[in-house]
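Chain residues, written in single-letter form:
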Amino acid sequence: SLVTNEVNVVQLRELDKKHVFHPVTSLKQHQENGPTLIIKEGKGIHVTDVNGKQYIDGLSSLWNVNVGHGREELAEVAKEQMTQLAYSSSFQGMSHEPAIRLAEKIASLTPGDLNVSFFTSGGSESNDSAFKIARHYWKLKGKPERNKIVAMKRGYHGITIGATSATGIEQFQNMATAQAPGFVHATTRFNTNCELGDRTDPDFAGSFRGVIEKEGPETVAAVILEPVQGAGGLFIPQDGYLQALRKLCDEYGILMITDEVITGFGRTGKMFGVDNWDVVPDLMSVAKGITSGYSQLGAVIIRESLRDELAELSGDGMFFHGFTYSGHPVACSVALKNLEIIEREDLVANAKNMETVLKKGFAYLEEKHPIFTKSRALGLMAAFELYKDRNNEIPFNPSLAVAPRFVQECTKRGLIIRPVIFEGSNTIVMAPPLTITEEQVEQMIAIFDESLTEIA
Ligand code: PLP
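Residues numbered from 1 in each chain as written. Predicted model: local features only at pLDDT ≥ 70, side-chain atom pairs only at ≥ 80, totals over all residues.

With that settled, consider the site of the ligand. Near the ligand, the surroundings consist of 14 residues, among which Gly122, Gly123, Ser124, Gly158 and Val261 are the closest. For the shell around the ligand, a count of residues per class yields 5 nonpolar, 7 polar and 2 charged. (Near = placed C-beta within 6 Å. Nonpolar A, V, L, I, M, F, W, Y, C, P; charged D, E, K, R; others polar.)

Attention now goes to the sheet that holds strand 9 (residues 283-286). Ordered by their spatial adjacency, 7 strands build an open sheet running 4-10-9-8-7-5-6, and the pairing between neighbours is mixed. Either end of the sheet is taken by a strand with one partner, and the two such strands are strand 4 (114-120) and strand 6 (183-186). The mean angle between the axes of side-by-side strands here comes to 25 degrees, regardless of whether they run parallel or antiparallel. Relative to strand 9, strand 8 (residues 255-259) is paired through 3 bridges, and the arrangement is parallel. For Ile257, the partnering residue across the bridge sits in strand 9 and is Leu283. The strands touched by helix 6 (residues 123-140) within the sheet are strand 4, strand 5 (148-152), strand 7 (220-225), strand 8, strand 9 and strand 10 (298-303), with strand 10 carrying the most contacts at an inclination of about 30 degrees. (Pairing = 2+ DSSP bridges. Helix = DSSP H or I, 4+ residues; strand = E, 2+ residues; numbered from the N terminus. Axes fitted to C-alpha atoms, helices over the stretch in contact; angles between N-to-C directions. Contact = placed C-beta atoms within 7 Å.)

To continue, consider unusual backbone geometry. Despite not being glycine, Gln92 shows a phi value in the positive range, around 50 degrees. Positionally, Gln92 belongs in the loop between helix 4 (72-85) and helix 5 (97-109). Of the residues examined, Gln92 has 7 C-beta atoms within 10 Å and is grouped as exposed. Although it is not a glycine, Asp346 sits at a positive phi angle of roughly 50 degrees. (Buried ≥ 20, exposed ≤ 12 C-beta atoms within 10 Å, placed from the backbone.)

Attention now goes to the environment of Gln173. Locating Gln173 in the fold gives a position in helix 8 (residues 170-175). Excluding residues within four positions of it along the chain, Gln173 makes contact with Thr164, Thr167 and Gln179.

Membership of the largest hydrophobic core comes to 112 residues, with the highest contact counts inside it found for Ala134 and Val223. Counting residues per element, this core draws most heavily on helix 13 (residues 329-344), at 8 residues. Excluding anything up to four places from it in sequence, Val223 contacts Val150, Phe208, Leu245, Cys249, Ile254, Met256 and Ile257. (Core = buried A, V, L, I, M, F, W, Y, C linked by C-beta atoms within 7 Å.)

Each assigned domain of the chain is listed with its residue range as follows: domain 1 (37-67 + 347-455) and domain 2 (73-344). Once you take the C-alpha centre of each, domain 1 and domain 2 turn out to be 27 Å apart. With 5 residues, helix 14 (residues 347-368) is the single largest residue contributor to the side of domain 1 that touches domain 2. When its residues are assigned to classes, the side of domain 1 that touches domain 2 shows 15 nonpolar, 5 polar and 3 charged. (Domains from an automatic or database assignment.)

It is worth spelling out the confidence of the model for the chain at this point. On average, residues of the chain score 96 in pLDDT, and 98% of them reach the 70 mark or higher. In the predicted complex, the global pTM is 0.97; the interface-specific ipTM is 0.99. (pLDDT = per-residue confidence, 0-100.)

A few words now on the sheet that holds strand 14 (residues 415-416). Strand order in the open sheet formed by 4 strands is 1-2-3-14, with mixed pairing between adjacent strands. Looking at the sheet topology across the chains shown, the edges are occupied by strand 1 (39-43) and strand 14. Relative to strand 2 (residues 46-49), strand 1 runs antiparallel, the two being bridged by 4 bridges. Of the residues in strand 2, the one forming a bridge with Lys43 is His46.

All right, on to the pairing of strand 7 then. The buried fraction of strand 7 amounts to 6 of the 6 residues, a majority that puts the element mostly inside the structure. Pairing analysis gives 3 bridges linking strand 5 to strand 7, with the strands arranged parallel. Directly across from Lys148, in strand 7, lies its bridge partner Val220. Pairing between strand 7 and strand 8: 4 bridges, direction parallel. Residue pairing across strands places Leu225 opposite Thr258, the latter belonging to strand 8. Of the crossover connections in this fold, the one passing from strand 7 over helix 11 (residues 241-252) to the parallel strand 8 is right-handed. (Right-handed = clockwise from strand over helix to strand, strands pointing away.)

Printed below as a string of structure tokens:
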């Protein structure tokens, strides 16, 4: 295995600077300072860097390591599967047991008749696949003009051209110099009245309903949204919102896609985000928590009735879409075992229980620190914001870099979390592994407490 000593760490930093092109990283800062952290190992909710310093992995790495690090049974199942059958294709009807068993397992967990899985290697691929399935469907129905995808401002759907085009975060959109045609955004966030048809609401024009009615419902293939917005700043819809959107889609015959890449597999204290509101979408994108990051896998889960209709409409025509790694046997075996762990250890219930502990901690921080505000949590998906004057909603001057400084203080104290800087507000997001204990949540709160004192 790789040996790390002090000499190696210096060397690793230099090699990283020279040879690694990091995603979502300031290239200039990387060239000046090298990598921010070099992580070497993980166990449970912790990761350890090459200098031996241990951290709580407060964002489950990238919202994905739901069962925590260092699970030997996941490594074992990967080894067994690699030895037996490392790879086989799913194209042209070929199959293998891991994909079959996983698809069946997913069907048993999803609501309604979301019983059919199209496998991908991650979230972006899942969303692009969902868009193509939706457009393909309308084309087969003889309505090729029904091709628009309506997404939400501040939604994050990934980085392929289709997924970026649906993403509603300026910084990512500005990178996508080849913004795909046919993507429109609702700009009003989670206003139930608008979606139910209240045209007098000042937000109406920017709502899904407002946008759809303006574009012409007969030109819209699908809407997509995250049941809880993640990367865009962590926003939880009020009760009734998703139901209202489901009604809107039914009214106009528009397909509803939910992006459960973060919210899937227990993150929000229910198996899926939509389960918080008993809504069944037509297509659901998943990735991340499906393997807890132990292998690369995603899926678009579609309603059986929709698949049946697609099959009927297609005749003998092929579905010309698929990835080499669609249904990768190792990834599928790891996913199956990961889902077994989530169920066996009742991690969905733990996420719900830990929400209560987090909220208690937030209440304490709100009381003690005048800059702490707008805390929110659903299961183990949580955030708070830092304001100069919370009563008058006056944010800190961005040049003070309050959120990044706060995050640095947390890192120093052994907690990795992430800032989201959005329209002047300084939002801190967290999503620790679903295995976290009450005591460990309290440790996080204690680190927030000290770090808030430090930056105030
Ligand atoms: N959708 C959501 C809601 C996400 O949070 C992400 C990644 O963070 C994606 C899609 C993209 O997934 P991936 O990075 O696996 O392509």
